[in-house]
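Listed below are the residues making up each chain.
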Amino acid sequence: MSVTSPHERLVDALSALGRATRATAAHWESTNGTVGRSDLGVLKCIGGHGEVRMGDLATALQVHPSVISRQVCALEKLGLVVRRADPDDGRVGLIRVTEEGRVQMHDSTRAFAAFLSDRMAGWDPDKVALAADLIYEISESLGASEPATTTEELTTV
């Protein structure tokens, strides 16, 4: 019988959390018709920083620039973001969230939080807060192995 280390158990727990998050988000998105999980993540990343360079956004979200380009294009068609050329370097695209994008971001966040609240109705609120704190701590610890550009270091205009 092998003994599972706490870190091995964490690997399994993070995998389970990822599966549950994807499944829950997919169910929630299909029943609520609001901004999807990945689009919400992009909106929140942009929204917290004013105007953001496309390349910096891709780096912060750790995706290929073509992925961000497609997402931004889709969000732009929905009127949730606007894109413009950097006045100092026309080759660089700057993105910002529109007022409608902020409304959608706020509404989607609140709706998903309400959905989670229903799904976790038996949980003590202090335990939910502790879980959130621990997930943030884990994210910060794992962030040390990420690329040098973090969300806080994004170029803003």
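See the structure shown above.
Everything numeric here is computed off the predicted structure, so don't read it as measured data. (Residues numbered from 1 in each chain as written. Predicted model: local features only at pLDDT ≥ 70, side-chain atom pairs only at ≥ 80, totals over all residues. Heavy atoms only, no water.)

(A) Spatial organisation of the nonpolar core. Among the nonpolar cores identified, the biggest contains 19 residues, and Leu43, Ile46, Leu57, Ile68, Val72, Val81 and Ile95 are the most heavily contacted of them. Leave out the neighbours within four places in its chain, and Leu43 touches Val35, Leu75, Leu80, Val81, Val97, Gly101 and Met105. (Core = buried A, V, L, I, M, F, W, Y, C linked by side-chain atoms within 4.5 Å. Buried < 20%, exposed > 50% of the residue type's maximum accessible area, 1.4 Å probe, protein only. Contact = heavy atoms within 4.5 Å.)

(B) Just the environment of Leu61, in detail. Relative to the helices and strands, Leu61 is located in helix α3 (residues 54-61). Along the backbone, Leu61 and Cys45 are 16 residues apart, and their C-alpha atoms lie at a distance of 8.1 Å. Aside from chain neighbours lying at most four places away, what touches Leu61 is Val42, Cys45 and Ile68. (Helix = DSSP H or I, 4+ residues; strand = E, 2+ residues; numbered from the N terminus.)

(C) View of the packing of helix α2 (residues 37-47) against α3. Remark: α2 packs on α3, axes separated minimally by 11 Å, with the N-to-C direction vectors making an angle of 120°. Judged by the angle between their axes, α2 and α3 are oblique. Remark: the crossing between α2 and α3 carries right-handed chirality. Between α2 and α3, the residues in contact are Val42, Cys45 and Ile46 and Leu57, Ala60 and Leu61, respectively. Across the contact of α2 with α3, the residue classes break down as 6 nonpolar, no polar and no charged. (Axes fitted to C-alpha atoms, helices over the stretch in contact; angles between N-to-C directions. Parallel < 35°, antiparallel > 145°, perpendicular 65-115°, else oblique. Left-handed = near helix turned anticlockwise from the far one by under 90°. Nonpolar A, V, L, I, M, F, W, Y, C, P; charged D, E, K, R; others polar.)

(D) Representation of the environment of Ser69 within the structure. For Ser69, the location among the structural elements is in helix α4 (residues 65-77). C-alpha separation for the pair Ser69 and Gly93, spaced 24 residues apart in sequence, amounts to 9.8 Å. When neighbours within four sequence positions are excluded, Ser69 is seen to be in contact with Met54 and Arg83.

(E) Spatial organisation of the pairing of strand β3 (residues 89-97). As judged from the 2 bridges shared by strand β1 (residues 52-53) and β3, these two strands associate in the antiparallel manner. In the strand pairing of β3, Arg53 is matched with Leu94. Following strand β2 (residues 81-86), the chain reverses through 2 residues before pairing antiparallel with β3. (Pairing = 2+ DSSP bridges.)

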